[in-house]
Amino acid sequence: MRTRTTLFAATALSATLALTACSSGSGDSDADRLDNGDLPSVAIGIHSGWDEGIAVSHLFAAMLEDEGYDVTAEEADPGVVYTGVTGGDFDVNFDMWLPTTHADYWEQYGDELEDLGTWYDDAKLTIAVNEDAPIDSLAELADNAELFDNRLVGIEAGAGLTRITQDEAIPTYGLEDLEYVISSTPAMLAELKGATAAGENIAVTLWRPHWAYDEYPIKDLEDPEGAMGEAEEIHSVGRTGFAEDYPTLSAMIASFTLTDEQLFSLENQMFNEDGGSDPAASARTWLDANPEFVTELKDKAGV
């Protein structure tokens, strides 16, 4: 899992990631506009390693290609992406977490970005258990630790989720007597898969959005003390002038939302069933399985 951090490191776009003017909407002239009024090319900047952003970016790329846009999509670290958006090398990014995770980027670049809308509003760190576990709240976990073999299965040592669990959740809910297993995301998911398949209780650290919610019968434990932090929103942001250059696409992005079921199934298709090897193909597989999605989005946007 990526480390949740708000520390900002100024990073210039590398030459290998820089896009030519002809591949970015900002380089097209008004005479080249599509029939819907938009510039014909769109450059999407994607945060490397951020599954939900990769998934949604390739979902939009597939939809836009079907509408006749010339779409490019490049992955880079968040700092590189936001530098690229404000510099016009990218037109749009679909993965700005607010108000906390990307607060420093918004403070640094907000005056040069257009907030195009929120598409998901329940992004958060969690502790999850099997769906049929006999508890529903973190406040119940300490008293029922033996039902979970006195273990809480975590991920990488350097992850923000690990730090929050250690520094906030464990002392807040008196979980010091549980063995907190710090391992890796793949190891945690392997234990989750094995336990749910065997009908055994298990407690793991997790986060929303994640494909595990679509693949395994699990539920989040309630967090009455807010130890894991408040839910965040995921915004789409564009370069200055985006709405003027893409009036139709802007309307679609403003109307775009994904339910938990939709997002988790998209991520499950892309990163679990297809192994993350071809996000573009996975997005098209998902669209084929959800043929009403594009039509409903267009109807909602009035385009």
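For clarity, every value in this text was computed on a predicted model and none was experimentally measured. (Residues numbered from 1 in each chain as written. Predicted model: local features only at pLDDT ≥ 70, side-chain atom pairs only at ≥ 80, totals over all residues. Heavy atoms only, no water.)

**Student:** Explain the confidence of the model for the protein chain to me, please; I cannot follow it from the model alone.
**Tutor:** In low-pLDDT segments, the atomic positions of the prediction should not be examined closely. On average, the protein chain scores 91 in pLDDT, and the residues at 70 or more come to 90%. Low pLDDT (under 50) marks residues 1–27, which in the prediction has 70 contacts with non-local residues, meaning those over four places away or in another chain. (pLDDT = per-residue confidence, 0-100. Contact = heavy atoms within 4.5 Å.)

**Student:** Where do I start with the packing of aromatic side chains in this structure?
**Tutor:** How two aromatic rings sit relative to each other is set out by the distance from centre to centre and by the angle between their planes. Tallying each qualifying case throughout the model produces eleven aromatic pairs. A ring pair is formed by Phe60 and Phe94, whose centres lie 4.6 Å apart and whose planes are at 15°; its orientation type is stacked. A residue pair is termed long-range when its members are at least 10 positions apart, and Phe60 in helix 1 (residues 51–66) and Phe94 in strand 3 (residues 92–98) qualify at 34 residues. Aromatic rings pair up to connect Phe60, Phe94, Trp119, Tyr120, Phe256, Trp286 and Phe293 into one cluster. The lysine or arginine in question, Arg208, covers the ring of Tyr213, its NZ or CZ lying 4.1 Å from the ring centre. (Phe/Tyr/Trp six-rings, centres within 6.5 Å; stacked < 30°, edge-to-face > 60°. Helix = DSSP H or I, 4+ residues; strand = E, 2+ residues; numbered from the N terminus. Lys NZ or Arg CZ within 6 Å of the ring centre and 35° of its normal.)

**Student:** What is the right way to look at the nonpolar core in this model?
**Tutor:** Nonpolar side chains in soluble globular proteins tend to end up buried together. In this structure, Trp119, Leu249 and Phe256 are the most contacted members of the largest nonpolar core, which totals 81 residues. Sorting elements by how many residues they give to this core places helix 1 first, with nine residues. If near-sequence neighbours (up to four positions away) are discounted, Phe256 is found in contact with Val56, Leu59, Phe60, Thr118, Trp119, Phe293 and Leu297. Counting 13 residues, the second largest nonpolar core, distinct from the first, contains Val80, Val81, Val85 and Met96. (Core = buried A, V, L, I, M, F, W, Y, C linked by side-chain atoms within 4.5 Å. Buried < 20%, exposed > 50% of the residue type's maximum accessible area, 1.4 Å probe, protein only.)

**Student:** Any chance you could explain the environment of Leu147 here in plain terms?
**Tutor:** Note that Leu147 resides in the loop between strand 4 (113–130) and strand 5 (151–153). Each C-alpha atom, one on Leu147 and one on Ala133, is 8.7 Å from the other, the two residues being 14 residues apart in sequence. The contacts of Leu147, once residues within four sequence positions are left out, are Pro134 and Asn201.

**Student:** Help me understand the packing of helix 8 (residues 247–255) against helix 11 (residues 292–301) in this model?
**Tutor:** Helix-helix packing: each pair is described by the crossing angle between the helix axes and the interaxial distance. With their axes 8 Å apart at the nearest point, helix 8 and helix 11 run at an angle of 105° to one another. By the criterion of interaxial angle, the relationship of helix 8 to helix 11 is roughly perpendicular. Taking contact as the criterion, the partners of Ala251, Met252 and Ser255 in helix 8 are, on helix 11, Leu297, Lys300 and Ala301. Class assignment of the residues belonging to the contact of helix 8 with helix 11 gives a composition of four nonpolar, one polar and one charged. (Axes fitted to C-alpha atoms, helices over the stretch in contact; angles between N-to-C directions. Parallel < 35°, antiparallel > 145°, perpendicular 65-115°, else oblique. Nonpolar A, V, L, I, M, F, W, Y, C, P; charged D, E, K, R; others polar.)

**Student:** Any chance you could explain the pattern of salt bridges here in plain terms?
**Tutor:** A side chain with one charge may pair with a side chain of the opposite charge, provided their charged atoms come close. The final tally for this structure, using the stated rule, is eleven salt bridges. Of the charged contacts in the structure, one is a salt bridge between Glu65 and Arg284, with a shortest N-O distance of 3.2 Å. Within this pair, whereas Glu65 is found in helix 1, its partner Arg284 is found in helix 10 (residues 279–289), the two being separated by 219 residues in sequence. Owing to a relative accessible area of 39%, Glu65 belongs among the partly exposed residues under this scheme. Residue class for Arg284 comes out partly exposed when judged on its relative accessible area of 31%. The salt bridge partner of Arg151 is Glu191, with a shortest N-O separation of 3.0 Å. Taken together, the residues span a long stretch of sequence, with Arg151 in strand 5 and Glu191 in helix 5 (residues 185–198) at a distance of 40 residues. Here the salt bridges do not stand alone but share partners, grouping Arg33, Asp91, Arg239 and Asp245 into one network. (Salt bridge = Lys/Arg side-chain N within 4 Å of Asp/Glu carboxyl O.)

**Student:** I tried to follow unusual backbone geometry on my own but got confused; where do I start?
**Tutor:** Note the cis peptide between Leu98 and Pro99, where omega equals 20°. Here Pro99 shows up in the loop between strand 3 and helix 3 (103–109). With an omega of 0°, the peptide bond between Arg208 and Pro209 qualifies as cis. Mapped onto the fold, Pro209 is located in the loop between strand 7 (203–208) and helix 6 (212–215). Backbone geometry at Asp149 places phi at a positive 60°, although glycine is not the residue there. Within the secondary structure, Asp149 sits in the loop between strand 4 and strand 5. Phi is positive for Asn150, which is not a glycine, with a value near 55°. For Asn150, a relative accessible area of 36% corresponds to the partly exposed category.

**Student:** Would you mind going over a negative patch on the surface with me for this structure?
**Tutor:** Residues Glu140, Asp143, Glu146 and Glu222 make up a contiguous surface patch of negative charge. Structurally, the position occupied by Glu140 is in the loop between strand 4 and strand 5. (Patch = residues over 30% accessible without salt bridge, like charges linked within 9 Å, V, L, I, M, F, W, Y side chains within 5 Å. Areas by Shrake-Rupley, 256 points an atom, 1.4 Å probe, with all protein chains shown as cover. Lys, Arg positive; Asp, Glu negative; His and termini not counted. Charge placed at Lys NZ, Arg CZ, Asp CG, Glu CD.)

**Student:** Is there a simple way to explain helix 9 (residues 260–273) in this structure?
**Tutor:** Every α-helical turn comprises 3.6 residues, leaving residues that sit three or four positions apart pointing alike. When helix 9 is considered as a whole, its buried residues turn out to be Leu263, Phe264, Ser265, Leu266, Glu267, Asn268, Gln269, Met270 and Phe271. Here the buried face of helix 9 lies against helix 1, strand 4, strand 7, helix 6 and helix 10. Positive backbone phi, approximately 70°, marks Gly275, located one or two places after helix 9.

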